[in-house]
Amino acid sequence: MKYYCEDAARVLEEVGSTPNGLSSAEAAIRLAKNGHNKLAEPEKVSLVRRFLQQLADPMIIILLAAAAISGVLSVVEGESFADVIIILSVVLINAVLGVYQENKAEAAIEALQQMSAATSKVMRDGKMCVIPSQELVVGDIVMLEAGDAVPADGRIIDSASLKIEEAALTGESVPVSKFIDLIELRDPAGDVPLGDRKNMVYMGSSVAYGRGTVVVTGTGMDTEMGKIADALSRAEQSQTPLQIKLAQLSRVLTKLVLGICAVIFGVQIIRAGGFDFETILHSFMIAVSLAVAAIPEGLAAVVTIVLSIGVTNMSRRRAIIRRLTAVETLGCAQIICSDKTGTLTQNSMTVTDTWTDDPVLLARAMALCSDAKRSLGMHTAEGEPTEAALVNHAHDLHEYKDELDEKYPRIGEAPFDSMRKMMSTVHRVDGSIVQYTKGATEMLLARCDGYWQDGQIKPITDEYKAMALERAKEFADRALRLLAAAFRPWDGEPDSYEPENLEQHLVFIGFLGMIDPCRPEVYDAIKECRAAGIRPIMITGDHIDTAVAIAKDLGILGEGQRAVTGSELGAMSDEEFEACYQDISVYARVQPEHKTRIVNAWRKAGYVTAMTGDGVNDAPSIKSADIGVGMGITGTDVTKNVADMVLADDNFATIVGAVEEGRRIYDNIRKAIQFLLGSNMSEVISIFAATLMGFVILEPVHLLWINLVTDSLPALALGLEKGERDIMRRRPRSAKAGIFADGMGADIAYQGLMVSALTLASFFIGHYMESGIWEIPARSAAGTTMAFLTMSMAEIFHSFNMRSQRHSIFTLRTINWALWISLAAALLMTTVVCEIPAMAAAFSFSTVTLREYSVAVGLGAMVIPIVEIVKLFQRMAAKASRAQ
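Values in this document were obtained by computation on a predicted structure and should not be read as measured data.

### Considerations on the overall build of the protein
Part 1 of the argument: A count of helical and extended segments in the protein gives 35 helices and 23 strands.
Part 2 of the argument: Across the 884 residues in the protein, those meeting the buried criterion constitute 55%.
Part 3 of the argument: A separation of at least 24 residues holds for 74% of the contacts in the protein among residues at least 6 apart in sequence.
Part 4 of the argument: Just so you have it, the protein exposes about 36,800 Å², and 57% of that area is on carbon and sulfur atoms.

Right under this line is the structure:
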């Protein structure tokens with residue numbers, strides 16, 4: 001049943017209740033049948049399961065296999081388990097670093113439960129009593145008053161100026177006036193948006209003003225809040241672009257390793273002339289070396305640490321990252337779907353314009369005819385938001401509420417109700433009586449006999465009324481909420497304070513316009529978003545006129561773009577929506593499922609989409625987006641718990657800074673990946689070439705040292721590179737762009753070959769310097785030591801080449817001190833492992849002379865001039881291509 005479309009008596013009949021409520025026995029039966037009034041709790045993922053999920057990566061599986069094979073070989077040959085220990089340590093560190101609480105659904109549900117009211121006033125057995133809210137059942141009669149949290153969904157059966165704060169659910173920026181009458185559908189097949197169901201109350205909202213009585217129509221998961229909780233539990237947590245690319249890279253490397261191992265195994269069998277234990281053992285050892293060489297063991301740790309550093313930088317800019325891999329996702333954001341209330345606007349009604357001959361009298365009348373309070377020591381008024389805005393406006397004109405209340409004591413009133421749309425208060429001042437009335441302009445003008453001008457009362461005319469209504473329309477066209485004021489002098493205290501007696505023969509003072517104003521910093525933030533190729537889209541539960549006015553003011557709604565309501569969106573088929581969604585920049589009066597549908601439409605089309613918001617109604621779409629952005633101050637716990645990023649200052653402009661940081665981080669991660677994969681490429685080629693030529697150039701433990709010590713420090717330092725000057729003037733990168741885009745794959749290939757050639761050359765030179773013979777030895781301690789030194793030095797020097805993919809490192813205007821420190825540290829550790837006898841013995845190194853050391857380092861340093869020459873030709877080719 002659509003309870004809002006039925007009268008109160010029919011609703012009571014449907015739920016099997018009466019105005020006196022249920023009996024305790026009947027309530028117990030319903031509670032046992034339908035369960036408690038609380039939200040379902042999802043199954044939690046255990047810490048052990050999260051850890052095991054980290055080990056499911058193909059590269060990790062290969063490393064574990066390599067460790068197992070190395071362990072067997074160590075047992076058979078009676079050697080140490082150093083390789084096994086190092087490999088397993090790498091796997092353990094990567095798994096621990098990868099265990100993050102990315103599934104926040106359980107925390108979101110807990111926050112939703114905390115939002116529910118703790119106790120409720122209900123009618124049981126014909127008497128009012130207080131019970132725990134979770135014991136409410138359908139049919140219970142609940143009494144509500146100002147300050148109460150609404151404990152369940154219900155149909156209003158009695159209302160006395162009841163106003164409900166529904167911003168968290170609907171996005172409505174001011175409390176909604178409620179009534180008991182049924183709502184008639186214009187289209188029998190249609191429905192009434194959640195924000196327009198003014199004879200209903202919903203769990204998660206609160207009473208801002210007045211009092212009322214409701215009959216409970218839905219509890220627990222059957223409430224609107226329950227629908228949101230259900231949507232949260234069903235929303236899938238998608239992978240970020242970086243996670244997708246790293247997974248693709250993992251699969252590529254896995255296939256590469258298996259392919260090379262198969263080729264090497266075949267070559268060894270053919271060379272040996274058949275299968276024998278020694279051949280198989282030797283082949284497995286080479287397979288372990290190749291697995292270790294091809295897999296960038298330090299990559300996961302480097303990426304995680306670089307992201308963590310980015311998180312720290314973002315926190316300094318008031319952006320709190322809750323999901324680590326979401327950092328780089330911001331860098332490729334193409335769409336930002338933003339909630340209006342509290343995100344683009346201040347979520348605080350403010351008087352922005354007036355139409356009156358006496359602004360001070362108008363402000364005084366509005367303040368006196370309000371229940372909001374503000375003393376001189378208060379920063380802002382407290383009370384119902386609209387009335388607080390009126391008191392604040394009067395305060396700005398030096399009409400102070402506490403002084404007015406003292407000078408004009410209230411002696412009577414006619415409270416506001418939604419039928420007459422007015423409120424009147426009667427005051428005593430200097431021995432006389434004056435009445436102030438505020439309400440809708442057209443309703444107030446109809447009760448006026450005069451108007452205030454030039455300090456006197458003048459008879460009202462039709463021309464004056466027409467002029468006032470014309471100006472009121474101009475205010476309304478600017479999406480301002482209008483409120484008019486009038487007064488009435490009395491000779492003595494009124495005989496009756498009934499509205500019929502008070503609200504006639506009034507003197508019109510004027511009216512004012514209010515709006516939830518835009519945050520000042522958002523204007524520039526929107527411009528920066530557009531300059532960065534990011535399209536902002538407004539999604540709100542507010543009225544479409546208000547949304548359009550604000551969107552145009554901010555620059556969100558441009559020429560040729562549309563604004564639609566949630567009802568219009570709901571009437572569209574998926575095919576119709578897919579055909580027009582790119583033309584829509586503003587969505588108004590939307591419901592939670594609409595927001596998720598909008599986000600999913602953009603994501604389905606391949607756009608990286610961010611969703612910002614603060615209300616409970618934003619939570620499902622925030623979770624569905626590529627990156628969800630919650631508000632730290634005004635945001636609900638539910639939104640914060642499902643968001644990937646929380647803005648500590650609720651400042652939309654903070655998103656722009658986060659986007660810039662995200663782009664810088666992704667650039668730096670690509671530099672680190674190129675550096676590490678280039679290193680792994682050189683190792684694979686060196687091992688492969690050496691195997692084909694029949695000699696051992698490096699052992700697995702040497703490769704692990706290079707991957708984890710020599711390479712990891714410079715890779716981390718590359719993660720600290722500052723952003724390029726045009727970083728926020730680029731178009732967002734495509735989420736579909738591969739990890740090797742923009743020529744990075746070719747760069748890795750030639751740079752890997754370059755380092756391999758230098759390493760092989762160093763091996764033969766080292767063997768010659770020791771033996772004086774140019775030959776291909778099966779093993780050479782001096783050759784291996786020289787090869788290790790050259791490869792290590794080449795990697796260290798090559799990290800400087802990676803500061804820019806195309807620009808010469810000698811033209812960069814910034815200095816990466818972290819890279820210089822990592823160079824010194826890596827150089828020191830590499831020298832130590834070769835020169836200290838105990839370390840050298842563990843690695844099977846020979847003693848290195850100063851001459852040999854100089855040759856090895858000199859060969860390694862060759863990578864800088866070689867890459868500089870290649871970059872020069874690449875720049876020349878790019879310039880020629882642009883000239884065509």
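Having seen the structure, we can now continue with the description.
### Remarks on the confidence of the model for the protein
Part 1 of the argument: For the protein, per-residue confidence averages 84 on the pLDDT scale, and residues scoring 70 or more make up 89% of the total.
Part 2 of the argument: Counting contacts from residues 100–117, a segment whose pLDDT is below 50, to residues more than four positions away or on other chains yields 50 contacts.

### Details of the nonpolar core
Note on soluble globular proteins: their nonpolar side chains tend to be buried together.
Part 1 of the argument: If you look at the biggest cluster of nonpolar residues, it comprises 124 residues, and the most contacted ones within it are Phe 508, Phe 652 and Ile 697.
Part 2 of the argument: For this core, the element with the most residues is helix α27 (residues 652–693), which contributes 16 residues.
Part 3 of the argument: When neighbours within four sequence positions are excluded, Phe 508 is seen to be in contact with Trp 355, Thr 441, Leu 444, Leu 445, Cys 448, Gly 450, Tyr 451, Trp 452, Tyr 464, Ala 484, Ala 485 and Ala 486.
Part 4 of the argument: Judged by nonpolar contacts, the second largest core, of 30 residues, contains Leu 404, Tyr 408, Met 423 and Val 507.

### Section: the pattern of salt bridges
Part 1 of the argument: The final tally for this structure, using the stated rule, is 37 salt bridges.
Part 2 of the argument: Among the ionic pairs, Arg 197 bridges to Asp 191, the shortest N-O distance being 3.6 Å.
Part 3 of the argument: Take Arg 197: its relative accessible area is 6%, and that puts it in the buried class.
Part 4 of the argument: By relative accessible area, Asp 191 is classed as partly exposed at 42%.
Part 5 of the argument: Among the salt bridges present, the one from Arg 803 reaches Glu 721, with a minimum N-O distance of 2.6 Å.

### Let's talk about the packing of helix α20 (residues 520–531) against α27
Part 1 of the argument: Across the interface, α20 lies against α27 with an axial gap of 8 Å and an inter-helix angle of 30°. For the element pair α20 and α27, the recorded crossing hand is left-handed. Contacts from Glu 521, Val 522, Ala 525, Ile 526, Glu 528 and Cys 529 in α20 reach Phe 652, Ala 653 and Val 656 in α27.
Part 2 of the argument: A class-by-class count of the residues in the contact of α20 with α27 yields 7 nonpolar, no polar and 2 charged.

### What to know about the packing of helix α28 (residues 700–710) against helix α31 (residues 781–801)
Part 1 of the argument: The contact between α28 and α31 brings their axes to 11 Å, and the two run at 20°. Our classification of the angle between α28 and α31 gives roughly parallel. Classified by chirality, the crossing of α31 by α28 is right-handed. Contact residues: His 702, Trp 705, Ile 706 and Thr 710 in α28; Thr 784, Phe 788, Met 791, Ser 792, Glu 795 and Ile 796 in α31.
Part 2 of the argument: Looking at side-chain class alone, the contact of α28 with α31 contains 5 nonpolar, 4 polar and 1 charged residues.

### Here's the deal with the environment of Glu 26
Part 1 of the argument: Locating Glu 26 in the fold gives a position in helix α2 (residues 24–34).
Part 2 of the argument: Expressed as a C-alpha distance, the spacing of Glu 26 and Arg 124, which sit 98 residues apart in the sequence, is 9.7 Å.
Part 3 of the argument: A distance of 2.8 Å separates polar atoms of two side chains, one belonging to Glu 26 and the other to Arg 30.

### Side note on the pairing of strand β12 (residues 422–429)
Part 1 of the argument: For β12, a buried count of 7 out of 8 residues is recorded, marking the element as mostly surrounded by other parts of the structure.
Part 2 of the argument: As judged from the 5 bridges shared by strand β11 (residues 410–417) and β12, these two strands associate in the antiparallel manner. Bridge pairing links Glu 413 to Thr 425 in β12.
Part 3 of the argument: Counted along the chain from β11 to the antiparallel partner β12, the turn is 4 residues long, and its residue Lys 421 has a positive phi close to 60°.
Part 4 of the argument: As paired strands, β12 and strand β13 (residues 432–439) are joined by 8 bridges and run antiparallel to one another. When the bridges of β13 are listed, Met 422 appears paired with Gly 439.
Part 5 of the argument: Taken together, β12 and the strand that follows it, β13, pair antiparallel across an intervening segment of 2 residues, in which Asp 430 is found at a positive phi of about 50°.

### Re the packing of aromatic side chains
Part 1 of the argument: For the structure on display, the rule yields 15 aromatic pairs.
Part 2 of the argument: Seen from their ring centres, Trp 355 and Tyr 464 are 5.8 Å apart, and the 40° between their planes marks the pair as tilted. Here Trp 355, found in strand β10 (residues 350–356), pairs with Tyr 464, found in helix α18 (residues 462–477); they are 109 residues apart in sequence, far enough to count as distant. Tyr 464 shares its class with Trp 355; the two are buried.
Part 3 of the argument: Centroid distance Phe 695 to Phe 763: 4.6 Å. Interplanar angle 20°. Geometry classified as stacked. One end of the pair, Phe 695, is in the loop between α27 and α28; the other, Phe 763, is in helix α30 (residues 744–771), and 68 residues separate them in sequence. Both residues of the pair, Phe 695 and Phe 763, belong to the buried class.
Part 4 of the argument: Counting every residue linked through ring pairs, the aromatic cluster contains Trp 355, Tyr 451, Tyr 464, Phe 475, Phe 508 and Phe 511.

Criteria and thresholds
- Each chain carries its own residue numbering, running from 1 in the direction its sequence is written.
- Only residues with pLDDT of at least 70 get local features here, since the model is predicted, and only at 80 or more are side-chain atom pairs given and counted; chain-wide, interface and lining totals rely on the full set of residues.
- Neither water nor hydrogens contribute to the side-chain values; these are computed over all heavy atoms in the structure.
- Helix numbering and strand numbering both begin at the N terminus, where a helix is a DSSP run of H or I of at least 4 residues and a strand a DSSP run of E of at least 2.
- Residue exposure (1.4 Å probe, protein chains only): buried if accessible area is under 20% of the type maximum, exposed if over 50%, otherwise partly exposed.
- A contact between two residues is defined here by any heavy atoms of the two lying within 4.5 Å.
- Under the convention used here, a 1.4 Å probe and the Shrake-Rupley method define accessible areas, while residue burial counts only the protein chains that appear.
- How sure the predictor is of each residue is captured by pLDDT, a score from 0 to 100.
- Put simply, a nonpolar core is a bunch of buried Ala, Val, Leu, Ile, Met, Phe, Trp, Tyr and Cys residues held in one set by side-chain atoms that sit within 4.5 Å of each other.
- Each reported salt bridge corresponds to a side-chain nitrogen of Lys or Arg within 4 Å of a carboxyl oxygen of Asp or Glu.
- Convention adopted: a line fitted to C-alpha atoms gives each axis, helices being fitted over their contacting stretch, and angles between N-to-C directions are expressed from 0 to 180 degrees.
- Crossings are classed by handedness, with left-handed meaning an anticlockwise turn of the near helix from the far one by less than a right angle and right-handed meaning a clockwise turn.
- Polar here means any residue other than Ala, Val, Leu, Ile, Met, Phe, Trp, Tyr, Cys and Pro, which are nonpolar, and Asp, Glu, Lys and Arg, which are charged; Gly is therefore polar.
- Throughout this description, any angle smaller than 35 degrees is read as roughly parallel, any larger than 145 degrees as roughly antiparallel, any in the 65 to 115 degree range as roughly perpendicular, and the remainder as oblique.
- For the purposes of these results, a polar contact is taken to be a pair of N or O atoms within 3.5 Å, where, inside protein, one atom must be able to donate a hydrogen and its partner to accept one; residues adjacent in sequence count only when each atom of the pair is a side-chain atom.
- In this description, strands pair whenever DSSP reports at least two bridges between them.
- Only rings of Phe, Tyr and Trp enter the pairing, Trp through its six-membered ring, and a pair is recorded when the two centres are within 6.5 Å. The plane angle decides the type: under 30 degrees is stacked, over 60 is edge-to-face, the rest tilted.

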